[in-house]
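Residue-level structural notes
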Amino acid sequence: MTKSTPYYLLFFILFLFSIQASAQLKPKVDPAKTTLKFNTLMQLLNYYYVEDIDQPKLTDEAIVAVLKELDPHSVYISKDEIERTNEPLVGNFEGVGIQFQVYKDTILVISPVPGGPSEKLGIMAGDKIIRINKEDAFGKKVNTQYVFDRLRGPKGTKVDISILRKGRKELIDYTIVRDKIPINSIDASYMLTDNIGYIKLSRFAATSADEFVDAATQLKKQGMKSLIFDLRDNGGGYLNVAFDLADQFLPAGKLVVYTKGIRSPKQDFIATSRGTFETGKLVILIDEGSASASEIVSGAVQDWDRGLILGRRSFGKGLVQRPYMLPDSSMVRLTTARYYTPSGRCIQKPYVDGEDEYRDDIYKRFKHGELYHADSIKFPDSLRYFTQHKRVVYGGGGIMPDYFIPLDTSFVSNYYTDILRKGLHNDFTIQYVDSKRKDLMKLYPDIKAFRAGFTNDQKLLDDFVAFAADKGVARNDKDLAISGFQITTVLKALIARNLYNMNAQFEILGTNDDELLKAVEVIKNDALFQKLSQAK
């Protein structure tokens, strides 16, 4: 407890427990020291404080302060925030079904969601939404929230929009009936070689397991024998979905993960026989942004020696949260247990020094050199565990990869940083595709044709450098020698996304992704793959 933290805040958590505790829990607390004490304080403030106070706001702040004293992952979510917070994990929302970007104070359609109401009406990538429900929808008032507030809404409701389309002088009017729109958690799924497939998962959402099965099934039809499963920067999601995805790789009867806490009995999660990729070489990519559910899957695969983990040490979140509703329909996600990999590892990193220190851990890894050198971190022997093949693994601070890949910053320059900071690569590609979409689609009707035929890299880079100069970032030939290839790759990837879809963007980025290319190399090298899979 910090000196600045009011004492009543520490007691307030017991009030929270008394509301939501299950029947089997019987906290031995004196109401005079907990709930009654807090309620009396609020009454005193209400009747005698020198000024009027916002009691709901004060209560919210008290809850936040109390949870901060417990652990970094117990959080309060207000009633207004609940739907927005849950949406990426639920797997769908209700609206018109477009991917958009606010570009120069105008709503630009990046692409309609396949099968959504906008696509069915013929709304196209590159269209600009000028009016919504007969109101002008451009100018400084337009931002992402503005668009959400007007285009999202209950299924079956209608919204009128007017669109400006290149080559048409007059606006095109549409009446769109809102529908349920899926939010995919798989960003990309494609074949890297004739027999190596690639799947990129961004989060563990309600639909993720089904999405994975569909993607893996399609890749198998295309000849997939080995798989690279990309969990980099995947911050996690639902525990049960992590189990379902790990179950895709492990045979029936294998322990995937178990959870336990002081007031949460041990619960084992055992693999079934429904896995879609239980045989074949498997590599999972992780990094310092891979957390929680990503670590459950990686830990299970590593402990059973089912596949190899490549990349850098994962985040280190081994705590399980359960949601509890509060009387005003707000919510707390409360840590109730820790999770453990099959070998018994809890990979939760320490948080005894407070939340600020906990959040700064990644920066400290960067400063310490861990992101560049595998031997810069030392685990104590007390945290040593063993995989099925007696390989040494460690708990207490994330998943250590079987094969370390340092962070690549060789292409970073001041020029590169400036164009990213100003978003110029994105602005340029939107303008580029908007002016050339028809010709580009004629030349490159699909991503395969684009990858094979779009080879005018130098002209693309020169055009972009001139564009950036007009926006205040002067040409720097020394920096371009360092960053030019990476800049061109990113530009081509964004062009591909705007022409086709997100999958196309990852296909282009993958051509210059050292970690992905190393994973392919490891899979192709039977001797190296075997060596990494055995005890040292």
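On a predicted model such as this, the values are computed, not experimentally measured, just so you know.

A few points about the pattern of salt bridges
Close approach of charged atoms lets side chains of opposite charge pair. For the structure shown, the criterion picks out 32 salt bridges. Among the ionic pairs, D526 bridges to K281, the shortest N-O distance being 2.3 Å. With a gap of 245 residues between them, D526 in helix α19 (residues 526-533) and K281 in the loop between β14 (264-270) and β15 (282-286) connect regions that are remote in the sequence. One network of salt bridges, in which partners are shared, links K200, D230, R232, E288, R312, D513 and E515.

Some words on the pairing of strand β4 (residues 106-112)
Most of β4 sits inside the fold, with 7 of its 7 residues counted as buried. Bridge count for strand β3 (residues 98-103) against β4 is 6 bridges, and the pairing is antiparallel. Paired with Q101 across the bridge in β4 is L108. The hairpin formed by β3 and β4 contains 2 residues between the paired strands, and K104 there has a positive phi angle of roughly 55°. The sheet contact formed by β4 and strand β5 (residues 128-132) spans 2 bridges and is antiparallel. If you follow I107 over to β5, its bridge partner there is I129.

Here's the deal with helix α16 (residues 477-499)
S483 marks where α16 bends most, by close to 65°. Burial analysis of α16 places 18 of its 23 residues in the buried class, the great majority of the element. The N-capping residue of α16, defined by a side-chain oxygen 3.2 Å from the backbone nitrogen of K478, is N476.

Quick word on empty space enclosed by the protein
A complete count under the given rule lists 1 cavity of 30 Å³ or more for this structure. Taken as a whole, the largest cavity encloses approximately 50 Å³ of empty space. Along the walls of the largest cavity sit L108, V109, I110, G126, I430, V433, D434, R437 and N498, which together make up its complete lining. Of all the elements in the fold, those that place two or more residues in the lining of the largest cavity are β4 and α13 (424-443). Broken down by element, the residue count for the lining of the largest cavity peaks at 4 residues, all from α13. Within the lining of the largest cavity, the residues separate by chemical class into 5 nonpolar, 2 polar and 2 charged.

Quick look at the confidence of the model for the protein chain
Overall, the predicted model of the protein chain reaches an average pLDDT of 89, with 94% of residues at or above 70. Segment residues 1-24: pLDDT under 50, and 38 contacts once partners within four positions in sequence are set aside and those in other chains are kept.

Some remarks on a nonpolar patch on the surface
Where nonpolar side chains cluster on the molecular surface, the patch consists of L44, Y47 and Y48 and spans about 420 Å² of accessible area. Counting through the fold element by element, L44 comes out in helix α2 (residues 35-48).

Focus on the environment of R451
Among the structural elements, R451 can be located in helix α14 (residues 447-453). Distance from R451 to A504, taken between C-alpha atoms, is 9.4 Å for residues 53 residues apart in sequence. Residues contacting R451, with those up to four places away along its chain left out, are E507, I508 and T511.

A look at the nonpolar core
Counting 39 residues, the largest nonpolar core has F229 and V297 as the members making the most contacts within it. Those residues in contact with V297 that lie beyond four places of it in its chain are F204, F229, L231, A242, L245, A246, F249 and I284. Counting residues in each nonpolar core, the second largest holds 31 residues, with Y432, L440, A496 and L499 among its members.

Looking at the layout of surface pockets
In this structure, the largest pocket occupies an estimated 1200 Å³ of space. Lining the largest pocket are 33 residues, and of these Q99, V113, P182, N184 and M502 lie nearest its centre. Here the lining of the largest pocket takes 4 residues from strand β10 (residues 186-191), the largest share from any one element. In the lining of the largest pocket, the residues fall into 18 nonpolar, 8 polar and 7 charged.

Some thoughts on helix α9 (residues 293-303)
Burial of α9 is extensive: 11 of the 11 residues sit out of reach of the surface. Turning to α9, its buried residues are A293, S294, E295, I296, V297, S298, G299, A300, V301, Q302 and D303.

Conventions and cut-offs
- Residues numbered from 1 in each chain as written.
- Predicted model: local features only at pLDDT ≥ 70, side-chain atom pairs only at ≥ 80, totals over all residues.
- Heavy atoms only, no water.
- Salt bridge = Lys/Arg side-chain N within 4 Å of Asp/Glu carboxyl O.
- Helix = DSSP H or I, 4+ residues; strand = E, 2+ residues; numbered from the N terminus.
- Buried < 20%, exposed > 50% of the residue type's maximum accessible area, 1.4 Å probe, protein only.
- Pairing = 2+ DSSP bridges.
- Bend = angle between axes of the 7 residues up to and from the residue.
- Polar contact = N/O pair within 3.5 Å; in protein donor to acceptor, adjacent residues only side chain to side chain.
- 1 Å grid on protein atoms, 1.4 Å probe; cavity = no way out; pocket = protein on both sides within 12 Å on 5 of 7 lines; lining within 4 Å.
- Points joined across faces, edges and corners; volume = space filled by probe spheres on them.
- Nonpolar A, V, L, I, M, F, W, Y, C, P; charged D, E, K, R; others polar.
- pLDDT = per-residue confidence, 0-100.
- Contact = heavy atoms within 4.5 Å.
- Patch = residues over 30% accessible without salt bridge, like charges linked within 9 Å, V, L, I, M, F, W, Y side chains within 5 Å.
- Areas by Shrake-Rupley, 256 points an atom, 1.4 Å probe, with all protein chains shown as cover.
- Core = buried A, V, L, I, M, F, W, Y, C linked by side-chain atoms within 4.5 Å.

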